[in-house]
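Structural overview for review
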Amino acid sequence: MERADQLVLVVPRGWADPDPDAEPADAEPADADPPTPSPPTPLGECSAVWEARSNRGTSLREVSGVSSAYYCQQLCSREQRCRGWTYASGQCWLKSSVECMLYEQGAQSGYCRPCEGPSYCGFSCGGPSPSPYPTPSPPAPGEGCSDIWETNANHGANLRQVPGVGSARHCQQQCAREQRCRGWTYASGQCWLKSSVGCMSYDAGAQSGYCRPWYGPSSCGYGPTRSHAPAGR
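Description of the structure in this document. Just so it is clear, the model here is predicted, and its values are computed rather than measured.

1. A look at the pattern of salt bridges
Working definition: two side chains of opposite charge can pair if their charged atoms are close together. Scanning the model with the defined rule gives 8 salt bridges in all. Among the ionic pairs, R61 bridges to E79, the shortest N-O distance being 2.9 Å. One end of the pair, R61, is in strand β2 (residues 58–63); the other, E79, is in the loop between α1 (69–77) and β3 (84–88), with 18 residues separating them in the sequence. For R61, a relative accessible area of 37% translates into the label partly exposed.

2. Notes on the sheet that holds strand β4 (residues 91–97)
Spatially, 5 strands are ordered β1-β5-β3-β4-β2 in an open sheet, and the strand pairing comes out antiparallel. Pairing within the sheet leaves two strands with one partner each, and these edge strands are β1 (50–54) and β2. Neighbouring strand axes in the sheet, compared pairwise and without regard to direction, differ in orientation by 40° on average. Pairing of β3 with strand β5 (residues 102–111) involves 4 bridges; the strand directions are antiparallel. Looking at the pairing, Y87 lines up with Q108 of β5. α1 rests against β2, β3, β4 and β5 of the sheet, and its axis sits at about 155° to β3.

3. Remarks on the environment of C220
Relative to the helices and strands, C220 is located in the segment after β10 (201–210). Residues C220 and C199, 21 residues apart in the sequence, show an inter-C-alpha distance of 5.5 Å. Excluding anything up to four places from it in sequence, C220 contacts G198, C199 and Y210.

4. Quick word on the state of the cysteines
This structure, assessed with the given rule, holds 7 disulfides. C199 shares a disulfide with C220; S-S distance 2.1 Å. For the disulfide bridge between C199 and C220, the dihedral angle about the S-S bond is near -100°, and by the sign convention the bridge is left-handed. Here C199 is found in the loop between β9 (190–196) and β10, whereas its partner C220 is found in the segment after β10, with 21 residues between them in sequence. Using a relative accessible area of 33% as the deciding quantity, one classes C199 as partly exposed. Since its relative accessible area comes to 16%, C220 is described here as buried.

5. Let's talk about helix α2 (residues 168–176)
A168, H170, C171, Q172, Q174 and C175 are the residues of α2 that are buried. Here the buried face of α2 lies against β5, β7 (157–162), β8 (183–187), β9 and β10.

6. A few points about the packing of aromatic side chains
One pass over the structure, following the stated rule, counts 5 aromatic pairs. Aromatic side chains W50 and Y111 sit 6.2 Å apart centroid to centroid with 75° between the ring planes, which places their arrangement in the edge-to-face category. Placement of W50 in strand β1 and of Y111 in strand β5 is noted, with a sequence separation of 61 residues between them. For the pair shown, W50 and Y111 are each scored as buried. Ring centres of W214 and Y215 lie 5.4 Å apart, and the angle between their planes is 80°; on these two criteria the pair is classed as edge-to-face.

Rules behind the numbers
- Residues numbered from 1 in each chain as written.
- Predicted model: local features only at pLDDT ≥ 70, side-chain atom pairs only at ≥ 80, totals over all residues.
- Heavy atoms only, no water.
- Salt bridge = Lys/Arg side-chain N within 4 Å of Asp/Glu carboxyl O.
- Helix = DSSP H or I, 4+ residues; strand = E, 2+ residues; numbered from the N terminus.
- Buried < 20%, exposed > 50% of the residue type's maximum accessible area, 1.4 Å probe, protein only.
- Pairing = 2+ DSSP bridges.
- Axes fitted to C-alpha atoms, helices over the stretch in contact; angles between N-to-C directions.
- Contact = heavy atoms within 4.5 Å.
- Disulfide = S-S within 2.5 Å.
- Phe/Tyr/Trp six-rings, centres within 6.5 Å; stacked < 30°, edge-to-face > 60°.

Right under this line is the structure:
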């Protein structure tokens, strides 16, 4: 009598037929919540946007292609080393150090960490329209600025150059607000603030003035004459 061959299947211990309705072992449950994102850095540590102002200082890095001042502000708020920012012409400058705000046409700026900026500037975090400058104390005698000397330059050493200044009168105001400034020269739309000044000399395209004291160096012999005295003297 013939015997039919039999096929014997050896099943490993612990193995069972897969359940066709079971989910893969590494699949997340269908009702699992998505991961919770980290909260963004609060903008509360940054000031409101200062229109037509620059806070100068030292650039940490420049970010191109930024679409708005508000986005530039957000970039600074997310970087712990950033103390302030300036946005102009689609460029965003993040700052590792900042100074007091000064007028600059076309620029928008702000402070972060702290939102009021350097303590010596006397600013506050402010709202949408912060006060640009604290009320100054009355100047001591001789510490104001002279009237404008037309077609003259006062030479000396430059403290810094301020771009985008619209007039000699505005350049004079920039010097008046900076305690280290002893004089200024305005020419071809550029404003030079001076840490030291010399005697005036003819320059056809220049306008200049003295500050602290408003009558310039004593060696020039001008003295506190009224020819270029500040208004009201």
